[in-house]
Amino acid sequence: MLEPLFDSPVKEKALQAILARGESYPRELARLFGLPVYTIQYQLRNLERGGVLYSRLRGRTRLYGFNPRYPFRKELLALLEKARNYYSVAERQTWLEPRLRPRRAGKPL
Amino acid sequence: MPLPLQDLAFIVSDHFQKKSIEAILTGGACVTLYTDNAYSSFDLDFVLRHYQEPRLIKAAMEELGFRLENGRFIHPDSEYFVEILPPPPSVGEEPIRRTARRRRGAFRLEMLTPTDCVKDRLAAFYHWQDRPSLAQAVLVAAAQKIDLRDIGRWSKAEGMAEPYRVFRRALRERASRTAAIRPRQAGK
């Protein structure tokens, strides 16, 4: 949706998926988009270097989220929120509307 | 003997100015400078005013003997490392318009004003609940002349009126502790 602005569709998808989840990690996003982990890592690192995202280690996993100190955060989030309305239902269901409530271990789907 | 952080700040900032790279010293190093070493920072964060080609920054730093390693510049004779942050210089949602300029001999340094330095530390406290950043904000506020009214206005604009009250309380507590240990002249 925002490809003319972002230099890569992966970057837009990654930002949308992080926005939907609050935080995410490269392996989760790679699984979601069917892309190699290093492709996602490359984009996330660039976004972190640019101050857009922060990262923190949780155990052995590096989690990424929107940097609350990024000066254009509010405007970027508004842009991403608006773009969400233009994705297909399938896209929304697969990576924009994740199940966030907990699921008990062993519970059947 | 390794160079003190202050000297290194002047050398790097002055070198950038000679190379027409506009960068402002920010972060913990400003706290060290404003509190006369009451707080020790181990890195120098410079935020760029405008986008610069990374290769130009790298070349400028290499002229000073630094080498790039994992996104930060290190020097064989220094325990401090230098990080160059992307533009724009801001504290929270607000752009940094005024900076402080210092001079030491032939070297010039451009850095955050004491008021923006306090805001910068408070931003870390507000958004990450980082207590050491709050302590640093209090140190600078106690050591320098700052515009508390502006910090209050900014905090409110950031949606942080309540955490700002925590800062004011910490500042008052420090002031009362300092007053309690200050020697008092007999009969005063």
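Residues numbered from 1 in each chain as written. Chains lettered and ligands numbered in written order. Predicted model: local features only at pLDDT ≥ 70, side-chain atom pairs only at ≥ 80, totals over all residues.

Student: What exactly am I supposed to notice about the pairing of strand β3 (residues 61-66) of chain A here?
Tutor: On a regular strand, one side chain projects to one face of the sheet and the next to the other, so that they alternate. Residue and element names in this part refer to chain A. Pairing analysis gives two bridges linking strand β1 (residues 23-24) to β3, with the strands arranged antiparallel. Directly across from E23, in β3, lies its bridge partner G65. Both strand β2 (residues 53-58) and β3 contribute to a ladder of six bridges, which runs antiparallel. For R58, the partnering residue across the bridge sits in β3 and is T61. Here β2 folds back onto β3 in antiparallel fashion, the turn holding two residues, of which G59 has a positive phi close to 65°. (Pairing = 2+ DSSP bridges. Helix = DSSP H or I, 4+ residues; strand = E, 2+ residues; numbered from the N terminus.)

Student: What's the story with helix α6 (residues 148-157) of chain B in this structure? I'm lost.
Tutor: Three or four residues apart is the spacing at which side chains of an α-helix point the same way, because the helix has 3.6 residues per turn. All names here are of chain B. Taken as a whole, α6 has its buried residues at I151, W154 and S155. Looking straight down α6, one finds its buried side chains confined to an arc of 100°; they lie on one side. Opposite the buried face of α6, at more than 90 degrees from it, the exposed residues are R149, K156 and A157. Immediately beyond the C-terminal end of α6, within one or two residues, lies G159, with a positive phi of roughly 80°. (Buried ≥ 20, exposed ≤ 12 C-beta atoms within 10 Å, placed from the backbone. Arc of directions from axis to C-beta.)

Student: What exactly am I supposed to notice about the pairing of strand β5 (residues 81-85) of chain B here?
Tutor: Residue and element names in this part refer to chain B. Of the two faces of β5, only one is covered, namely that formed by V82 and I84; the face formed by F81, E83 and L85 stays uncovered. The sheet contact formed by strand β2 (residues 43-48) and β5 spans five bridges and is parallel. Bridge pairing links V47 to L85 in β5.

Coordinates in, geometry out; function isn't part of it.
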